[in-house]
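The chain contents come next:
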Amino acid sequence: MLKKLHIGSEATMPSNCFGIGKICKLKEEMVIKRNKAENAAHRRGILREISKQDGEKPDFSVELNATNFDSVLKDTPAPYAIVEFFAHWCPACRNYKPQYEKVARLFNGADASHPGIILMTRVDCALTINSNLCDKFSVRHYPILLWGPPKKFVGSGWDPKQENSEIHSIENGRTADILLGWINKQLGSSYGFNDGKYENEHLQRNFSDPAQIARAIYDIEEATSTAFGIMLNLKMIKSGTRASLIKFLQLLVAHHPSKRCRKGSADILVDFDNMCSSEILSAKNEEADSCSKKGALGNYQICGEEVPRGYWMYCRGSKNDTRGFSCGLWVLLHSLSVRVEDGESNLAFRTTCDFIHNFFICEECRQHFYDMCSSVSTPFKKARDFALWLWSAHNKVNERLMKDEASLGTGDPEFPKVIWPMKQLCPSCYLKMSDESSKIEWNEDEVFKFLVSYYGKELVNLYKDKELRAGGGTEKAVNEELVASTNAVVVPLGAALAIAVASCAFGALACFWRSQQKNRKLRRSWN
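Reading guide: rules and limits
- Residues numbered from 1 in each chain as written.
- Predicted model: local features only at pLDDT ≥ 70, side-chain atom pairs only at ≥ 80, totals over all residues.
- Heavy atoms only, no water.
- Core = buried A, V, L, I, M, F, W, Y, C linked by side-chain atoms within 4.5 Å.
- Buried < 20%, exposed > 50% of the residue type's maximum accessible area, 1.4 Å probe, protein only.
- Helix = DSSP H or I, 4+ residues; strand = E, 2+ residues; numbered from the N terminus.
- Disulfide = S-S within 2.5 Å.
- Pairing = 2+ DSSP bridges.
- Contact = heavy atoms within 4.5 Å.
- Axes fitted to C-alpha atoms, helices over the stretch in contact; angles between N-to-C directions.
- Parallel < 35°, antiparallel > 145°, perpendicular 65-115°, else oblique.
- Left-handed = near helix turned anticlockwise from the far one by under 90°.
- Phe/Tyr/Trp six-rings, centres within 6.5 Å; stacked < 30°, edge-to-face > 60°.
- Lys NZ or Arg CZ within 6 Å of the ring centre and 35° of its normal.
- Nonpolar A, V, L, I, M, F, W, Y, C, P; charged D, E, K, R; others polar.

S.K.: Would you explain the nonpolar core in this entry?
M.R.: One broad trend across soluble globular proteins is that nonpolar side chains are buried collectively. In terms of nonpolar packing, the biggest core is built from 74 residues, with L297, V331, F369, W389 and L451 touching the most fellow members. Elements that contribute at least two residues to this core include exactly α7 (216-233), α8 (242-255), α9 (259-276), α11 (325-337), α12 (345-359), α13 (363-374), α14 (383-408) and α15 (444-470). It is α14 that contributes the most residues to this core, nine residues altogether. Core analysis: the second largest hydrophobic core is formed by 21 residues, V62, L119, C125 and I167 among them.

S.K.: Could you clarify how one ought to interpret the state of the cysteines in this entry?
M.R.: In protein chemistry, a disulfide is the covalent bond that joins the sulfur atoms of two cysteines. Within this structure, the stated rule accounts for five disulfides. With its sulfur 1.9 Å from that of its partner, C261 forms a disulfide with C303. With the S-S dihedral at roughly 115°, the linkage between C261 and C303 falls on the right-handed side. Taken together, the residues span a long stretch of sequence, with C261 in helix α9 and C303 in the loop between α10 (278-281) and α11 at a distance of 42 residues. Of the two residues examined, C261 and C303, each falls in the buried class. Put simply, C426 and C429 are joined by a disulfide, and their sulfur atoms are 1.9 Å apart. Classification of the bridge connecting C426 and C429 rests on its S-S torsion, roughly 75°, and on that basis the disulfide is right-handed. As far as burial versus exposure is concerned, C426 and C429 are alike and both buried. With no disulfide partner, C93 has as its closest neighbouring cysteine sulfur the one in C90, 3.0 Å distant.

S.K.: Any chance you could explain unusual backbone geometry here in plain terms?
M.R.: The general pattern is negative phi for most residues beyond glycine and trans for most peptide bonds. At the junction of Y142 and P143, the peptide bond is cis and its omega measures out at -15° in the coordinates. Along the chain, P143 falls in the loop between α4 (131-136) and β4 (144-148). Of the consecutive residues W420 and P421, the connecting peptide bond is found in the cis state with omega at 5°. The residue P421 is located in the loop between α14 and β6 (430-433) in this model. Even without a glycine there, the phi angle at N164 is positive, about 60°. By secondary structure assignment, the location of N164 is in the loop between α5 (150-153) and β5 (168-169). According to the relative accessible area criterion, N164 is exposed, its value standing at 79%. Phi is positive for R323, which is not a glycine, with a value near 60°. Topologically, R323 is positioned in the loop between α10 and α11. Its relative accessible area of 24% is what places R323 among the partly exposed residues.

S.K.: How do you make sense of the sheet that holds strand β1 (residues 62-64) when you look at a structure like this?
M.R.: Either a parallel or an antiparallel arrangement is found when strands of a sheet pair, and the pairing is made through backbone hydrogen bonds. Strand order in the open sheet made by the five strands is β1-β3-β2-β4-β5, with mixed pairing throughout. The strands lining the two open edges of the sheet, one partner per strand, are β1 and β5. The sheet contact formed by strand β2 (residues 80-86) and strand β3 (residues 118-124) spans seven bridges and is parallel. Looking at β3, one finds that V83 is bridged to T121. Helix α3 (residues 91-107) rests against β2, β3 and β4 of the sheet, and its axis sits at about 155° to β3. Strand contacts of helix α6 (residues 176-187): β2, β3 and β4, with the helix running at about 20° to β4, the strand carrying the most contacts.

S.K.: In this structure, what is going on with the packing of α8 against α11? I would like to understand it.
M.R.: The angle between the axes and the distance between the axes are what describe a pair of packed helices. Two elements in contact, α8 and α11, have axes whose closest approach is 10 Å; the angle formed by their N-to-C orientations is 65°. Taken together, the axes of α8 and α11 lie roughly perpendicular to each other. Viewed along their axes, α8 and α11 form a crossing whose handedness is left-handed. Across the interface between the two elements, F248, L251, L252 and H255 from α8 touch L332, L333 and L336 from α11.

S.K.: I tried to follow the packing of aromatic side chains on my own but got confused; where do I start?
M.R.: Think of a pair of aromatic rings as described by two things: how far the centres are apart, and how the planes are tilted against each other in angle. Across all of its chains, the model carries 23 aromatic pairs by this definition. Relative to W182, the ring of W147 lies with its centre 5.2 Å away and its plane at 75°, an arrangement referred to as edge-to-face. Separated by 35 residues along the polypeptide, W147 in strand β4 and W182 in helix α6 bring together distant segments of the chain. W182 matches W147 in its accessibility class, with the two residues each being buried. Between F450 and Y454, the aromatic rings sit 5.0 Å apart at their centres with planes inclined by 20°, giving stacked as the arrangement. With a gap of four residues between them, F450 and Y454 both fall in helix α15, about one helical turn apart. Just as F450 is buried, Y454 falls in that class too. Across from the ring centre of F86, 3.7 Å away, lies the NZ or CZ of R122, which sits over that ring. The ring of Y314 has R323 lying over it, and the distance from NZ or CZ to the ring centre is 5.9 Å.

S.K.: How do you make sense of the packing of α11 against α14 when you look at a structure like this?
M.R.: Taken N-terminus to C-terminus, the directions of α11 and α14 make an angle of 160°; their axes are 9 Å apart at the nearest point. In terms of orientation, α11 and α14 fall into the roughly antiparallel class. Note that α11 runs across α14; the crossing there is left-handed. Residue-level contacts link W330, L333, H334 and S337 of α11 to A383, F386, A387, L390, W391, A393, H394 and V397 of α14. Class assignment for the residues of the contact of α11 with α14 results in nine nonpolar, three polar and no charged.

Read these as spatial facts, not as claims about activity.
Right under this line is the structure:
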């Protein structure tokens, strides 16, 4: 499915401009420069601490503006949000900020005591870019605090006279103690300022509930961003690993379940040759700066500016050193395996094996996975074969780790390694189970059906639910999101290419698309 790309975006381009002509271009450049200048000082990624000078404490609240207000609130996994509308010149606002940040520290940031519950944000109404936004929410004095489900802030506004609104004004939150008391009253909680770093007290342990996997969409984004960050920080992109990364990025462009990560991967692919060409990597300094965190590649966010968030949802462990990234990476690989077509299966298999071999930094795990890859002598011809091989490989890893963790006492007591799926999740997957040897005879047809449903439909159900709850998406829009999350990738019309054509290998198509894109000079945005 091809979609037409718009030149520019509503947030940055005058409404009477069509991207052609010197006057329109000049207007566009002026608007972009103005917005960038304002954003540079005020935009923050979610849960990312901003370094301060002169001993100032970092900000934990997330500063929003008209360009990212809807997207951040729409995509947050938190069920509640507080938006503080303020003006930077207002003395009362400056004095209130430490009180607000004291509460935000509990809910925002990598060291938050209670992450994923409340997204605490701020909007500076003194900035021109935010004037209309502040008007929509009836800001008549500073500061004002609004509370509600994040999705209810998206594409809407607030009127104090409106009845039955799910957005409420916090009338009295003038100190940190009063604000936290108000929150505790709303949630029936007992949060306190002495609460330590998140110790995962709110785990969902109902393994028999297949709907829990829907929360993993956030963990897949987190794992993708974390893996990309590791590559850059450790300067792992070299002449010998470059081709492996390109193929894996092509796989993500075509089949990543998150639209943000598909877009981010495509953005990197488009400019990859300019930053990490073979010539650059073969130069005297093989670990080229341009392919590291400090170089040009470090300016790219593979899953958007709000990721990584700094915590896990589905993959939370009961201890801070269990599950997390390794769990998220497994879910990512499984989600890719059920989205490839038959003709892509062997290429996806080799791409996955090469990626783990070149970029997974746990040496023992990397070697064990590579040995399993090397044991496959016959190329896969069906997507089913790849999905079942990965499922079997994951269970072999769990079997090995079960023994190690049992003898060393290093496992997660609340999430012990198990052979998967458990019978509660998929009774039809089990043909026979020996009590004496604990060996299982599997119905692989049923296992494959389960994998496709669990890592396909169930995984993206959260997107569907979010659209319906927000009330801003039609059934058609939801269906398009689900389709895009399974087989298709949205590409520019000028590239004349749809990677999701089932009969073609994603690698060749993505390569062709990337080469076409390199020659395009127009500013582009994605739908």
